[in-house]
Each structure stands twice: as C-alpha cells, then as structure tokens.
Amino acid sequence: MTNANSEAVQTGIAAFFSEDNMERLYSVMYAKSAKAGTRLYWEEDTADKLYYVKKGQVRISKTVDNGRTLTLYIHKAGDLFGQIDPFRNSAQIFTAEVIEDSEIGVIQQKDLEVLLWQHGDLAIEFMKWMGLMHRMTQSKFRDLLMFGKPGALCSLLIRLSNTYGVPEGDAVRIDCKITNGEMADMIGTTRESVNRMLGDMRKDNVISLQDGTITVKNIAYLRDVCSCENCPKEICRM
C-alpha cells in the first residue's frame with residue numbers, strides 16, 4: 001500500500017484546514033486505540049463526534065434494504081470523518097468499522113462547537129470540509145444509480161487508482177490488494193458479477209491482474225463507461 005502520510009497531504013484534511021486550525025483541532029482530540037474488527041459507531045447511534053485517523057484504516061458502510069452491506073469509504077491516515085451537525089442533534093446513518101488496528105483522535109461535538117464559535121476562519125474551513133464530504137457521497141451514489149454495475153466498477157477502479165495508484169509508464173498499478181468480494185460490497189453487486197466484469201476488461205486489455213493486484217492500462221476506457229466528470233482527487237477517491 002502507498003505511504004499513508006504522503007497520501008494524507010494530498011487528500012486528507014490538511015488540504016482544507018490551515019496549520020493553525022489543524023492545531024486547534026488536535027488540541028481538543030482525545031486518543032482512542034481501536035482493534036481491527038471493532039466498530040467506532042453503528043447506524044442510529046448518536047452522531048456527536050468526529051474521528052481523525054492517525055494510523056490504520058476505517059471502513060464506512062451502509063446496510064441496504066436487501067440486507068447487503070454497501071461500503072462507501074475506506075478512511076486512512078490523515079482523514080477526518082463522522083456525521084455531525086454542530087447545531088442540532090442527529091443520528092448516524094452509516095457504520096464505521098475498523099479494518100486494521102488504528103489510532104484515532106476523537107473530537108466531541110461540544111468541544112467543536114466552542115472552536116467554531118471562537119474562530120470564524122475555522123468555521124468557514126469546516127463548512128468547506130462538510131461540503132466536500134457531501135460531494136463525495138453524492139458522487140458515489142451517482143456512480144451506483146446512473147450507469148449500472150459496469151459504470152460503478154469502472155468508477156471504483158478510478159477511485160482506487162487515485163487513492164493507491166503507482167504510475168508505471170502509461171499504466172497505473174493499484175498498490176492495495178482488494179478482493180473481488182470487497183469490490184462487490186463497494187458497488188452493491190455480487191462477487192460473481194465482479195469476476196465477470198473484470199474478466200471482460202482483462203480480455204479487452206483495459207486492466208491486468210497479477211498476484212491479486214490490479215493494474216489499470218486504459219483509464220480512458222474506464223472514464224468513458226462511467227461518464228467521468230473529471231472530479232478532483234479530493235472527491236474521486238476512496
């Protein structure tokens with residue numbers, strides 16, 4: 001997997017908050033260690049905290065009507081996440097599962113509210129961050145609803161390339177091993193469907209597969225299938 005710290009500079013919250021405001025957020029965080037397989041919160045839990053990934057990875061998922069679990073995000077070092085409204089009570093609509101041993105900084109709603117009232121520039125940056133998170137969610141539901149499973153899979157491969165990609169000439173190797181079952185959970189389909197679609201892409205020389213690693217050889221094909229809108233990497237990511 002690519003270096004988490006270098007990725008955090010590119011796509012983590014440090015790209016949206018000033019150094020001074022990052023220090024303010026750090027100052028109100030309390031540390032939490034979380035083991036792989038545990039949950040930070042479940043759907044319907046009270047949404048009164050934000051979570052900053054210092055180390056490790058956290059999967060954000062949603063249970064849909066047929067009982068399947070849809071994976072929406074994989075958060076890593078440098079990411080801030082959590083559904084929170086500083087000015088009213090709300091409930092979580094997703095579940096946060098720790099997928100590798102993690103160190104988490106937790107920000108309580110009451111502490112965040114004080115910072116936002118005290119520092120107008122932090123409030124503005126916080127609203128920009130919230131807007132980004134909404135755009136990320138909207139873009140993922142767009143992929144799932146508008147262009148079918150092939151479009152959703154192509155979009156997923158683009159997001160994986162943006163998040164974990166290592167350039168190799170004209171190709172991009174996704175430096176993160178991910179199973180077909182895990183990809184199926186990310187686009188709301190079955191492992192067998194993912195197997196078939198990846199097999200077709202391999203025959204068409206769009207991707208190559210080796211030792212469980214995917215290399216994207218024709219990203220223009222992927223963009224065409226999902227009608228890519230060329231969103232910035234801050235949005236088009238895992």
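Rules of the game
Residues numbered from 1 in each chain as written. Predicted model: local features only at pLDDT ≥ 70, side-chain atom pairs only at ≥ 80, totals over all residues. Heavy atoms only, no water. Helix = DSSP H or I, 4+ residues; strand = E, 2+ residues; numbered from the N terminus. Rg over C-alpha atoms; globule rule 2.2 N^0.38 Å. Buried < 20%, exposed > 50% of the residue type's maximum accessible area, 1.4 Å probe, protein only. Contact = heavy atoms within 4.5 Å. Areas by Shrake-Rupley, 256 points an atom, 1.4 Å probe, with all protein chains shown as cover. Lys, Arg positive; Asp, Glu negative; His and termini not counted. Charge placed at Lys NZ, Arg CZ, Asp CG, Glu CD. Pairing = 2+ DSSP bridges. Axes fitted to C-alpha atoms, helices over the stretch in contact; angles between N-to-C directions. pLDDT = per-residue confidence, 0-100. Phe/Tyr/Trp six-rings, centres within 6.5 Å; stacked < 30°, edge-to-face > 60°. Arc of directions from axis to C-beta. Salt bridge = Lys/Arg side-chain N within 4 Å of Asp/Glu carboxyl O.

A few words on the overall build of the protein. Looking only at helices and strands, the protein features eight helices and ten strands. Taking 238 residues into account, the globule formula puts the C-alpha radius of gyration at 18 Å, and the protein, at 18 Å, falls close to it. Taken across its 238 residues, the protein has 47% of its residues classed as buried. Put simply, of all contacts in the protein between residues at least 6 apart along the chain, 73% involve residues at least 24 apart. Looking at the protein as shown, the accessible area adds up to about 11,900 Å², and 50% of this sits on carbon and sulfur atoms. Computed over 29 positive and 32 negative side-chain charges, the inter-centroid distance for the protein is 3 Å.

Moving on: the sheet that holds strand β7 (residues 165-168). The strand order β7-β8-β10-β9 describes an open sheet built from four strands, whose pairing is antiparallel. The sheet is open, and its two borders are formed by β7 and β9 (207-210), each paired with just one other strand. Strand-to-strand, the axes of this sheet are offset by a mean angle of 25 degrees, without reference to chain direction. Relative to strand β10 (residues 213-216), strand β8 (residues 171-174) runs antiparallel, the two being bridged by two bridges.

Right, let's talk about the confidence of the model for the protein for a bit. Per-residue confidence for the protein gives a mean pLDDT of 87; residues scoring 70 or more make up 94%. Taking the mean pLDDT of every element in the protein, the minimum, 38, falls on helix α1 (residues 4-11) and the maximum, 97, on strand β1 (residues 30-34). The model gives residues 1-11 a pLDDT under 50, and that stretch makes 26 contacts with residues more than four places away or in other chains.

Now for the packing of aromatic side chains. Scanning all chains against the criterion turns up four aromatic pairs. When the ring of tyrosine 41 is compared with that of tyrosine 51, the centres are 5.5 Å apart and the planes differ by 40 degrees; the resulting orientation is tilted. Here tyrosine 41, found in strand β2 (residues 39-41), pairs with tyrosine 51, found in strand β3 (residues 49-63); they are ten residues apart in sequence, far enough to count as distant. Each of the two residues, tyrosine 41 as well as tyrosine 51, counts as buried. Aromatic side chains tyrosine 51 and phenylalanine 81 sit 5.5 Å apart centroid to centroid with 20 degrees between the ring planes, which places their arrangement in the stacked category.

Bridging between β9 and β10 involves four bridges; their strand directions are antiparallel. Within β10, the residue paired with serine 208 across the bridge is threonine 215. Once β9 ends, the chain turns through two residues before running back antiparallel as β10, passing aspartate 211 with a positive phi of about 55 degrees.

All of the buried residues in helix α2 (residues 19-28) are Asn21, Met22, Leu25 and Val28. Viewed end-on, α2 has its buried residues packed into an arc of 130 degrees, placing them on one side of the element. Exposed residues pointing more than 90 degrees away from the buried face of α2 are listed as Glu19, Asp20, Glu23 and Ser27. Residues of α2 that are buried make contact with β1, β3, β6 (95-108), α3 (109-118) and α4 (120-146).

Let's shift gears to the pattern of salt bridges. Once the charged atoms of two side chains with opposite charge are near each other, the side chains can pair. A complete count under the given rule lists eleven salt bridges for this structure. Ionic pairing is found between arginine 39 and glutamate 97, a salt bridge with its closest N-O pair at 3.8 Å. In this pair, arginine 39 is assigned in strand β2 and glutamate 97 in strand β6, connecting sequence segments 58 residues apart. Look at arginine 39 and you get partly exposed, because its relative accessible area is 35%.

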